[in-house]
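Geometric and topological summary
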Amino acid sequence: MLEGGENSACTPSCPLEAEDTELTPEGIALLDNDLAGDEDAQARLRRRQVDGRIVERLRAEGFAGENYQKAVTRLSEYGYRTMTKWTASGEIFRKARQARRPVPADKVSLTWTGEDRHSVCTDSVLGGLEVFRTYGLIQGRWSPAGGANLDTYFIGAVIRAFPRVYIRWFDSHRRGQAELERLAGEITHDPFALPDQRVTDPVGFAVTQDYVSRLLPLVKDAQVREALGWRALGYTQGQAAQRVGLTEKALERRLSRLRERLTKQVRQFELGEGGAR
């Protein structure tokens, strides 16, 4: 099973409204053709019939228990693999347009990091699972006669969840970048203009700034680079994580991976517990 994404800008429980829940019949047919590949009509029919028997068994078990968890795990893994591929190529934005849930053109980014995509993919899959269970299974909106197998129906729900998850991530990330640039401009013109109540140790603050100035050129992850900038301005790691749209644990994991890749010369300047607060 997928665990909650690292994108705190949109939790896995991002609510979906009724109009967000399903593709149109035409959209489902188009998506099914995309995903089916070379599978002929008879093979597709057999898949839907098998899926129908699976759903009836899950319904009899109350959509709970071991069989249900196995089905959900398989769909989650399939959804995550598909979304990983589509977000890397940009195909997900085309799919969202086809689903009549387009991402505004000025928010489309093809330069977001792998970590960013992981968070958005995870939360999109979790949003799709909620729709799939509530509408497709419990309310019975999916059926073998509907023209799509379970995989297609599920991916359709994930696509519908994606724009809301992505836009919240994008807006949070852009706000963080803008505020960081503003504060960085202030500190360039007047380094004493920033309130210093967060900085309990001026020496530690100076060490932190020196560390960041050496580290930033080596950091390729935009969110980590931004978080390090917030740390240099005197924010705690938790505050820095929140400002870039990550949980504190997620930021720490990224920093840990970064440290492992750095040279011994850089690691000696690691931020310690006595650093900026």
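Here, the structure is the one placed above.
Because the structure is predicted, anything quoted here is derived from the model rather than measured.

1. Let's talk about the packing of aromatic side chains
For the structure on display, the rule yields 12 aromatic pairs. Between Phe63 and Tyr68, the ring centres sit 6.5 Å apart and the planes meet at 65°, which makes this aromatic pair edge-to-face. On the basis of relative accessible area, Tyr68 is assigned to the buried category, the value being 9%. Seen in terms of ring centroids, Phe93 and Tyr166 are 5.2 Å apart; in terms of plane orientation they differ by 80°. Their pairing is edge-to-face. On the criterion of sequence distance, the pair formed by Phe93 in helix α4 (residues 91–98) and Tyr166 in helix α6 (residues 150–189) is long-range, its members being 73 residues apart. By the ring-pair criterion, three or more aromatic residues cluster together here, those being Phe93, Trp112, Phe162, Tyr166, Trp169 and Phe170. Seen from the ring of Trp86, Lys95 lies directly overhead, with NZ or CZ sitting 4.6 Å from the centre.

2. Examining the nonpolar core
Among the nonpolar cores identified, the biggest contains 38 residues, and Met83, Phe154, Phe162 and Tyr166 are the most heavily contacted of them. Among the secondary structure elements, those contributing two or more residues to this core are α2 (41–60), α3 (66–89), α4, α5 (114–138) and α6. The biggest single contributor to this core is α6, with 12 residues. Look past the residues within four positions of Phe154 in its chain and what remains in contact with it is Leu75, Ser76, Gly79, Val125, Gly128, Leu129 and Phe132. In this structure, Ala240, Val244, Ala250 and Leu255 belong to the second largest nonpolar core, which totals 13 residues.

3. Describing the environment of Cys121
By the element assignment, Cys121 lies in helix α5. For Cys121, a relative accessible area of 1% gives the class buried. Considering only alpha carbons, one finds Cys121 and Phe162, 41 residues apart in sequence, at a separation of 7.7 Å. Apart from the residues lying within four places of it in its own chain, the contact partners of Cys121 are Tyr80, Met83, Thr84 and Thr87.

4. Considering unusual backbone geometry
Backbone geometry at Phe63 places phi at a positive 50°, although glycine is not the residue there. Relative to the helices and strands, Phe63 is located in the loop between α2 and α3. The phi dihedral of Arg100 falls on the positive side, at around 65°, and the residue is not glycine. Mapped onto the elements, Arg100 comes out in the loop between α4 and α5.

5. Quick word on α4
Every buried residue belonging to α4 is among Glu91, Ile92, Phe93, Lys95 and Ala96, and all of these are buried. Arg100 lies just past α4 and shows a positive phi near 65°.

6. Side note on the environment of Arg133
With respect to the helices and strands, the residue Arg133 is situated in helix α5. Residue class for Arg133 comes out partly exposed when judged on its relative accessible area of 29%. For the pair Arg133 and Phe63, spaced 70 residues apart in sequence, the C-alpha separation works out to 8.3 Å. Apart from residues lying up to four places away in sequence, Arg133 is in contact with Gly62, Phe63, Tyr68 and Ile138. A distance of 3.3 Å separates a polar atom in the side chain of Arg133 from a polar atom in the side chain of Tyr68.

Reading the values: the criteria
- Residues numbered from 1 in each chain as written.
- Predicted model: local features only at pLDDT ≥ 70, side-chain atom pairs only at ≥ 80, totals over all residues.
- Heavy atoms only, no water.
- Phe/Tyr/Trp six-rings, centres within 6.5 Å; stacked < 30°, edge-to-face > 60°.
- Buried < 20%, exposed > 50% of the residue type's maximum accessible area, 1.4 Å probe, protein only.
- Helix = DSSP H or I, 4+ residues; strand = E, 2+ residues; numbered from the N terminus.
- Lys NZ or Arg CZ within 6 Å of the ring centre and 35° of its normal.
- Core = buried A, V, L, I, M, F, W, Y, C linked by side-chain atoms within 4.5 Å.
- Contact = heavy atoms within 4.5 Å.
- Polar contact = N/O pair within 3.5 Å; in protein donor to acceptor, adjacent residues only side chain to side chain.

Take it as geometry only, folks, not as evidence of what the structure does.
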